[in-house]
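# Working through the structure, step by step
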Amino acid sequence: MKILIIYPYPLFDRSQEEDISVAPMGVYYVAAVLKKEGYDVEILNWFNIHKSPHRIVETFRAKKPDIIGFSILNANRWGGIEIAQIAKEVAPEVKVVFGGVAATFLWRHFLTHFSVIDFVVIGEGEYAFLNLVQVIEQGHDKQLQNISGIAFRRGNRIVRTEAAKPINQLDELPIPATYFQYQHVASSRGCPGKCTFCGSPKFWGHKIRLRSPENFVEELELLYHKGIRFFYFSDDTFTINKERVVEICKAILKKGLKILWVAISRADYVNETILHWMRKAGCIQISYGVESGSERIRGLLNKRLKTEDIKRAFYLTHRYGILARAYFIYGSPEETDETIQATIDMISQIKPFICVFYILEIYPGTKLYSDYQKKFHVTDDIWLKKMEGICYFESDPHLSQELILDFGKRLRTAFYTSLSTFAEALDLTDEEEFYEMHADFCSRLAMTFSQGDYANNEAIKEREKAAERLFNKALGYAPDHRAYLGLGVLKQNEKKYQRAVQVLSEGVEHFPGSEQLNLCLGINYMNVGEYEKALGCLLKFQNSKEAINYIAICYRALGDLGKEKEFLKKARGRQRGRRNR
Ligand code: SF4
C-alpha cells in the first residue's frame, strides 16, 4: 500500500515564502506512525508545485499512491482540492483524506461540497489516520464508523464518528526524526490561553500535554546527527513549565549539542532563570504575542497579559542576549487612533528588534469566527469563496480599509524610525559566562542592520551607525569573527581603509585561519597601497577564486610581472584541473 502525504500550495503566493514553505510537524508524526507500522509512506512538500504543475500528474503516475493524505490549513485548502482533483483524474480509485487544522474545523463543508474528498481526519491525526489506512487496506468499509476522529460520506449522508481521545502520552509516539529530517520540533501540545483569534486551543485542547525532556532532547539529538544545527521550537508556549525548560536546556548542554534555536512563549511565562538556561543551551530568539499596546484591546482579544509583564519579559529576554520578537495585531474590535498610539508607545518601551504586524483575521475554530457566524448568520459556505481568511475590519462599521492601511503604516513607520535607537538601549547582563554569547548576539544583530533584512530599508535611520555600535559592543565582550568582518567591511565601504586594516588585523590575530578575514584584510592593505602586506594575507588562500585577481594585481603593483605571469599560469592550471575532475 503506497501512501503519500502532501502539503499543498496556498491560494496566494507570498513575497516571502518562509511562512508557508515548511510543512506542519503533524505530517511528520502521521508519516512516522505509518512507517513504524511498516507502511510505504512519503511526504511531499508541495507548497510551490503550482509553479511546475506538470509534476503533479507525473508524480501520481510514477508513484501510484493508494491513499493520499493532505495537510490542510485555511490558506492551502484550494491547493489541496485542486491536487486531489488531479489525483482522481489520474486514478479514480485513489482515496483522498483531508486532515489538519482547516479540515478539522470545516470537515462537513469539505465533505459536502467536494466529492473528491473521501475522508476527513478531525483533530490529532496520528492514530485516526493509521486506523483509517488499515480499514481501507482490509476493505472493511463497515468498520469505518468504529474509527474515532474521522468523517466520511455514506450514500447521501455524512457520518462523523466519535471524537478521538487526545494522545496523553506524547512520548509513546514514534519520534519522526527516526525516519525524516526537519527543523521544526515541539515539546508539547496545547495552550492554556483562550485568545479569541486563535484556533490552537480548540485543536489541541486547553490541557497541556508535555513530552518528557529526555524524549524531546532525543529528537534533537537524532536530528543533530543528521546535520541539523538550527531548530524552530514550535510549541505554542515553550516555557509553560519552567522546571522542565531548565531540564531540557541542561540536557542539551550535557549532550554537547551545539545548536541554535528559536522558541515561542508568553510574556507572563518567562523569568530570569529560564532565560539564563535557554540562552546557554542555544536559544537566540523568543517570539511573544503582544497583540496590542492597549490593555483594553488585549482584553477584547482575550489575551490576558499585563503591560508590566510584557515590559519585564522583553527587558529580561534582551538582557540575556536573546532577541525578543513582538507580534502585533491591528484592526481589532474598538481599534482607534488612540489604541494604535498605545501600541506605538508600547513598542518604544519594550524596544523589540523584530516586530511582525498582522491585520486581525477570522479563521474557523476561533471564538471570533463563531461570534461572526452568529452575528451575520454566516455558514461555512463562506469558504467556497477563494479567500484565505476573513478580515475582521470588513465586519466592523467603525473600521474601514483606508483606516486599517493607515494604522499599519503608522505602526511600521514608528517601529522602523525608532529601531536604531533600540540598539543603543541594550542592557546585557554582566555575567562573564555570557560574554561570548553577548558578542555573538550583538554582532548577529549588527549584521541585520549592515547586510541583512534591515540593510536596504530606507525607513530605518542611521543603519550603519547602529551596526557599528553593535559591532563595537560585540568586540567589547569577546573577540567575535562576525564582528571583525562586519566592522571591517563597514569601514571599507566608508573608504576608511586604515581603520578597516586595523580592525581586520585584530580579527586575523584572533582567527588566523579565516579566509574571509584574510582576504578582506588583503584588499584593504591594497586600498592603502601596502601590496607586500596584502600579498601576505592573500597568498595564504591562493587557491581561492576571489584571491587570484587580487594577487595578480599586487604583483603588478609591485612591478613583478614575472611573478604575476607565473602565478596566473599556475592558478589557471589548478582551476582547469578542478574543472576536469
Ligand atoms: S495566541 Fe498563543 S496564547 Fe493565545 S490561545 Fe493561541 S497559542 Fe495560546
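Check the entry above for the structure.
Report on the accompanying structure.

Conventions adopted
- Residues numbered from 1 in each chain as written.
- Predicted model: local features only at pLDDT ≥ 70, side-chain atom pairs only at ≥ 80, totals over all residues.
- Heavy atoms only, no water.
- Helix = DSSP H or I, 4+ residues; strand = E, 2+ residues; numbered from the N terminus.
- Buried < 20%, exposed > 50% of the residue type's maximum accessible area, 1.4 Å probe, protein only.
- Expected span 1.5 Å × (residues − 1).
- Polar contact = N/O pair within 3.5 Å; in protein donor to acceptor, adjacent residues only side chain to side chain.
- Pairing = 2+ DSSP bridges.
- Contact = heavy atoms within 4.5 Å.
- Axes fitted to C-alpha atoms, helices over the stretch in contact; angles between N-to-C directions.
- Salt bridge = Lys/Arg side-chain N within 4 Å of Asp/Glu carboxyl O.
- Near = heavy atom within 4 Å.
- Nonpolar A, V, L, I, M, F, W, Y, C, P; charged D, E, K, R; others polar.
- Parallel < 35°, antiparallel > 145°, perpendicular 65-115°, else oblique.
- Left-handed = near helix turned anticlockwise from the far one by under 90°.

Located in the positive-phi region is Glu291, a residue other than glycine, with phi close to 70 degrees. By secondary structure assignment, the location of Glu291 is in strand β13 (residues 283-291). In this structure Glu291 comes out as buried when scored by relative accessible area, which is 5%. The phi angle at Glu334 is positive, at roughly 65 degrees, despite the residue not being glycine.

This part takes up helix α2 (residues 25-36). Its twelve residues place the ends of α2 17 Å apart at the C-alpha level, agreeing with the 16 Å of an ideal helix rising 1.5 Å per residue. The buried fraction of α2 amounts to nine of the twelve residues, a majority that puts the element mostly inside the structure. Buried residues of α2: Met25, Val27, Tyr28, Tyr29, Val30, Ala31, Ala32, Val33 and Leu34, and no others. Following α2 by one or two positions, Gly38 adopts a phi angle in the positive range, close to 90 degrees.

This part takes up the side chain of Arg266. With respect to the secondary-structure elements, Arg266 resides in the loop between β12 (260-265) and α11 (272-280). Separated by 3.0 Å, the side chains of Arg266 and Asp268 make a polar contact.

Let us look at the sheet that holds β13. Spatially, the six strands line up as an open sheet ordered β8-β11-β12-β13-β14-β15, and their pairing is parallel. Bordering the open sheet on either side are β8 (184-185) and β15 (354-359), each of which pairs with just one other strand. Strands β13 and β14 (323-330) of the sheet are contacted by helix α13 (residues 307-319), whose axis makes an angle of about 150 degrees with β14. Helix-sheet contacts for helix α14 (residues 337-350) involve β13, β14 and β15, and the interaxial angle to β14 is about 180 degrees.

Before going further, it helps to examine the pattern of salt bridges. Counted by the stated rule, this structure contains 34 salt bridges. Residue Glu124 pairs with Arg189 through a salt bridge whose shortest N-O separation is 2.8 Å. On the criterion of sequence distance, the pair formed by Glu124 in the loop between β5 (119-121) and α7 (126-138) and Arg189 in strand β9 (residues 188-189) is long-range, its members being 65 residues apart. Both residues of the pair, Glu124 and Arg189, belong to the buried class. Notably, a salt bridge pairs Arg463 with Glu458, separated by 3.9 Å at the nearest N-O pair. One continuous salt-bridge network, built from bridges that share partners, spans Lys2, Asp40, Glu42 and Lys63.

In the region of the ligand, the neighbouring residues are Cys191, Gly193, Cys195, Phe197, Cys198, Pro201, Asp236, Arg266 and Lys303. Across the shell around the ligand, the residue classes tally to five nonpolar, one polar and three charged.

One way to put it is that helix α23 (residues 545-557) packs onto helix α24 (residues 561-580) with a least axis distance of 8 Å and a crossing angle of 165 degrees. Between α23 and α24, the angle is such that the two are roughly antiparallel. By crossing handedness, the relation of α23 to α24 is classed as left-handed. When α23 is examined against α24, the residues Lys545, Ile548, Ile551, Ala552, Tyr555 and Arg556 are found in contact with a partner set consisting of Leu561, Lys563, Glu564, Phe567, Leu568, Ala571 and Gln575. Split by residue class, the contact of α23 with α24 holds eight nonpolar, one polar and four charged.

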